[in-house]
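Here is what each chain is made of, one letter per residue.
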Amino acid sequence: MSAVSDRPPVSRQHPAKESVRDRLPVFPWDKLEPYKKTAAAHPDGIVDLSVGTPVDPVPELIQKALVAAADSPGYPTVWGTPELRDAITGWVERRLGARGVSHRHVLPIVGSKELVAWLPTQLGLGPGDKVAYPRLAYPTYEVGARLARADHVAYDDPTELDPRDLRLLWLNSPSNPTGKVLGKEELTRIVAWAREHGVLLFSDECYIELGWESDPVSVLHPDVNGGSYDGIVSVHSLSKRSNLAGYRAAFLAGDPAVLGPLLEIRKHGGMMTSAPTQAAVVAALGDDAHVREQRERYAARRTALRAALLKHGFRIEHSEASLYLWATRDESCWQTVAHLADLGILVAPGDFYGEAGEKFVRVALTATDERVRAAVDRLA
């Protein structure tokens, strides 16, 4: 027998390794494609209320800042310009009531989804470490844990979790998808519990500017954290408040002992926000008028869609903040998705966000006024 034929099969020599893709769930949005085709076949076209992507123009002052910084041939810095850090520290103090925030307390990031997906890896988490997130939640919290090969657990009340091996606790207020807001007392209780057990707490507050029936509070507020940022970091995005989803503009604020090592890691990884985007963020955070105008647009759409859904037989739970209505007809979410698709309206099934959402749909407010009117007419 030849030497070649004596070799073991290749599969035995090199057993297949788990790929990164193998750790991840099926991308959920692909499941919506048949319903999207049904909705698109409506004579008056689709009303897409599924993905919360902004549709209104980027405010002119932000566009001008971007253009003015377009001649940026050099590499930007991961930490951002001093002007950007000034803008972030000023905003968290002015808008969130934070106190004593320095440049060491802030870190620009390349959109909040990137941070959520890669944070456990950047924190050095792995097998045996646990990442916790709300039972109804943005799917990327789980994806981040899977990418790091860490364990993951969903909760109703985080203070009921077993703190052993719990390394990262995600809060999300206002919530995506439900719009639920954690009150000041509840946040204070959770922060105290996390500190007592040495659990790092990250609070996703990307919808904090969009409170409708309540005024969301940040974990950066001294009434919540007792004047200390130890063990807590908040995540903020300009995608919704300023229509900058296409710019990938977001930032962290909180414990310098956490942000310092993250900065070093992100320097090695080249995770830097482009220089024109940094200039645009400075302009965006320095202006509150465009945020008020955008809030008014969303408020009007919310009022119209909420009334139409209720009249159509839906029940709406939570939804006191954020860009979504959490609605149910007490049936399978996919039955509801199909029903609305027949009307030319596309929404997100609740089970995208966890099994607890199996009878709900998430209805986004991110459609033009004309498309929202079309949805209201069809629901009537």
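Scroll up a little and you will see the structure.
Residues numbered from 1 in each chain as written. Predicted model: local features only at pLDDT ≥ 70, side-chain atom pairs only at ≥ 80, totals over all residues. Heavy atoms only, no water.

Participant: So what exactly am I meant to see when it comes to the sheet that holds strand β12 (residues 348–349) here?
Facilitator: As a general point, the strands of a sheet are linked pairwise by backbone hydrogen bonds and lie either parallel or antiparallel. The strand order across the open sheet built from four strands is β9-β10-β13-β12, with neighbouring strands paired in antiparallel fashion. If you trace the sheet from one side to the other, it starts and ends with β9 (315–317) and β12, each paired once. Pairing analysis gives three bridges linking β9 to strand β10 (residues 324–328), with the strands arranged antiparallel. Each residue of the ladder has a partner; that of I316, found in β10, is A327. (Pairing = 2+ DSSP bridges. Helix = DSSP H or I, 4+ residues; strand = E, 2+ residues; numbered from the N terminus.)

Participant: Would you mind showing me how to read the environment of R315 here?
Facilitator: For R315, the location among the structural elements is in strand β9. According to the relative accessible area criterion, R315 is partly exposed, its value standing at 35%. For the pair R315 and S237, spaced 78 residues apart in the sequence, the C-alpha separation amounts to 30 Å. At 3.1 Å, the side chain of R315 forms a polar contact with the side chain of E317. (Buried < 20%, exposed > 50% of the residue type's maximum accessible area, 1.4 Å probe, protein only. Polar contact = N/O pair within 3.5 Å; in protein donor to acceptor, adjacent residues only side chain to side chain.)

Participant: Can you help me understand the packing of helix α12 (residues 289–311) against helix α14 (residues 369–379) in this one?
Facilitator: Describing two packed helices takes the angle between their axes plus the distance from one axis to the other. In the contact formed by α12 and α14, the axes pass within 9 Å of each other and the chain directions differ by 15°. In terms of orientation, α12 and α14 fall into the roughly parallel class. Considering only the axes of α12 and α14, their crossing is left-handed. Counting all contacts with α12, which are made through R301, A304, L305, A308 and L309, the residues of α14 involved are D369, V372, A375, V376 and L379. Residue composition of the contact of α12 with α14, by class: eight nonpolar, no polar and two charged. (Axes fitted to C-alpha atoms, helices over the stretch in contact; angles between N-to-C directions. Parallel < 35°, antiparallel > 145°, perpendicular 65-115°, else oblique. Left-handed = near helix turned anticlockwise from the far one by under 90°. Contact = heavy atoms within 4.5 Å. Nonpolar A, V, L, I, M, F, W, Y, C, P; charged D, E, K, R; others polar.)

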